[in-house]
Amino acid sequence: MISSRSDSNQPDDLQLAASMAGGDTAALRIFYDRYASLVLALANRILFDRQEAEELLQDVFLEFWRRASAYDEQRGSPRTFLILLTRSRAIDRLRSRGGDSSARSIDTAAKVASPAQTPQAYVDGNEQASLIRQALGALSADQREALEAAFYDGLSHAQIAAKLNKPLGTVKTYIRQAIDRLRDSLSAVTDGVGR
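No experiment lies behind these values; they were computed from the predicted model shown.

Right, let's talk about the overall build of the protein chain for a bit. From N to C terminus, the protein chain includes 10 helices and zero strands. Moving toward the C terminus, one meets the helices and strands of the protein chain in the order α-α-α-α-α-α-α-α-α-α. Sorting the 195 residues of the protein chain into buried and exposed places 36% on the buried side. Here the contacts in the protein chain between residues at least 6 apart in sequence split such that 63% fall between residues at least 24 apart.

One can find Gln 143 in helix α7 (residues 141-151). For Gln 143, a relative accessible area of 6% corresponds to the buried category.

The next thing to look at is the packing of aromatic side chains. Counting across every chain of the model gives seven aromatic pairs. Grouping aromatic residues by their ring pairs yields a cluster made of Phe 31, Tyr 32, Tyr 35, Phe 61, Phe 64, Tyr 71 and Phe 81.

With 25 residues, the main nonpolar core has Met 20, Phe 31, Phe 61 and Leu 82 as its most contacted residues. Mapped by element, the contributors of at least two residues to this core are α1 (13-21), α2 (25-47), α3 (50-67) and α4 (78-96). If one sorts the elements of this core by residue count, α2 sits on top with 12 residues. Look past the residues within four positions of Met 20 in its chain and what remains in contact with it is Ala 27, Leu 28, Phe 31, Phe 64, Trp 65 and Ala 68.

For the structure on display, the rule yields 10 salt bridges. Ionic pairing is found between Glu 63 and Arg 89, a salt bridge with its closest N-O pair at 2.7 Å. Separated by 26 residues along the polypeptide, Glu 63 in helix α3 and Arg 89 in helix α4 bring together distant segments of the chain. Arg 89 gets classed as partly exposed once you look at its relative accessible area, which sits at 25%. Arg 89 is the salt-bridge partner of Asp 92, the closest N and O atoms lying 3.6 Å from each other. Placement of both Asp 92 and Arg 89 in helix α4 is noted, with a separation of three residues, approximately one turn of the helix. Overall, Asp 92 belongs to the partly exposed group, its relative accessible area being 36%. Beyond isolated ion pairs, a larger network of salt bridges with shared partners links Glu 52, Glu 55, Asp 59 and Arg 93.

Looking now at the side chain of Arg 93. Mapping Arg 93 onto the fold places it in helix α4. Setting aside anything within four residues of it in sequence, one finds Arg 93 in contact with Leu 47, Glu 52, Glu 55, Leu 56 and Asp 59.

Turning our eyes to something else, we now look at the packing of α1 against α2. In contact at an axis separation of 8 Å, α1 and α2 are set at 135° when each is read in the N-to-C sense. When the axis of α1 is compared with that of α2, the two are oblique. In this structure, α1 meets α2 at a crossing whose hand is left-handed. In contact with Asp 13, Leu 16, Ser 19 and Met 20 of α1, α2 contributes Ala 27, Leu 28, Ile 30, Phe 31, Arg 34 and Tyr 35. For the contact of α1 with α2, the per-class residue count stands at seven nonpolar, one polar and two charged.

Below, the discussion takes up helix α9 (residues 168-185). With 18 residues, α9 extends 26 Å from end C-alpha to end C-alpha; this agrees with the ideal 26 Å at 1.5 Å per step. Of the positions making up α9, those classed as buried are Val 171, Tyr 174, Ile 175, Ala 178 and Leu 182. Buried residues of α9, seen end-on, are gathered within an arc of 90° and therefore sit on one face of the element. Turned more than 90 degrees away from the buried face of α9, the exposed residues are Arg 183 and Asp 184.

Calculation criteria
All residue numbers refer to position in the chain's written sequence, counted from 1. Residues qualify for local features only when their pLDDT is at least 70, as the model is predicted, and side-chain atom pairs are given and counted only at 80 or more; totals for whole chains, interfaces and linings, by contrast, use all residues. Side-chain numbers here rest on the full set of heavy atoms in the structure, without hydrogens or water. Helix and strand labels come from DSSP, where a helix needs a run of H or I of at least four residues and a strand needs a run of E of at least two; each type is numbered from the N terminus. Type-normalised accessible area, obtained with a 1.4 Å probe on protein chains alone, sets the label of each residue: buried when under 20%, exposed when over 50%, and partly exposed for intermediate values. Any two residues whose heavy atoms approach within 4.5 Å at even a single point are treated as in contact. Between rings of Phe, Tyr and Trp, where Trp is taken as its six-membered ring, a pair exists when centres lie within 6.5 Å; planes separated by under 30 degrees are stacked, by over 60 edge-to-face, and by other angles tilted. Nonpolar cores are built from buried Ala, Val, Leu, Ile, Met, Phe, Trp, Tyr and Cys residues. Side-chain atoms within 4.5 Å join them into one set. Salt bridge criterion: a side-chain nitrogen from Lys or Arg within 4 Å of a carboxyl oxygen from Asp or Glu. Lines fitted to the C-alpha atoms define the axes, with helices restricted to the stretch that makes contact. Angles between their N-to-C directions range from 0 to 180 degrees. Angles are sorted into four bins: roughly parallel if under 35 degrees, roughly antiparallel if over 145, roughly perpendicular if 65 to 115, and oblique for all others. Whether a crossing is left-handed or right-handed is set by the direction in which the near helix is turned from the far one by less than a right angle, anticlockwise for left-handed and clockwise for right-handed. Three classes are used, and their members are as follows: Ala, Val, Leu, Ile, Met, Phe, Trp, Tyr, Cys and Pro are nonpolar, Asp, Glu, Lys and Arg are charged, and the others, Gly among them, are polar. Working rule for helices: expected span equals 1.5 Å times residues minus one. Directions pointing from the helix axis toward each C-beta atom define the arc.

Printed below as a string of structure tokens:
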């Protein structure tokens, strides 16, 4: 069982996920404290509605808690899983309310930051955002457009193919290549994420 007291020996995200899978509510509290501001900022950035973003915050952490036993670290860090879950559920809410889920640029989304940052974390975040913008700038226009449509419009591959007037296989290749290029370009940045 993990103690929720604050000290320098806090467990890492993988330990927290494993503890949550075992029903440890103290692990959930630590994980929530660590990432609630990030989830709320991302949800608010996508939904443009603070109350709905706060509701989504609760839903996302509850879903993570319920699915912790199914978490697979081979598919990404708990932080990454949480961010993807937030984005997915926020897009679901946009669709269900029938609102305009117009494209949000990846540059803007890269600037989403936790409002409870220390000055050093803010500087580090700005440096990471700059590296992310550089990596995104290295993508071809087709790769970037397909990636934005998938991740910020929430479109399926078939919908992206129709939007871009490209074959489905080509769209899938654009997205896969873009993700691979970003992963390679940002490997130095992601080495420090989730610790």
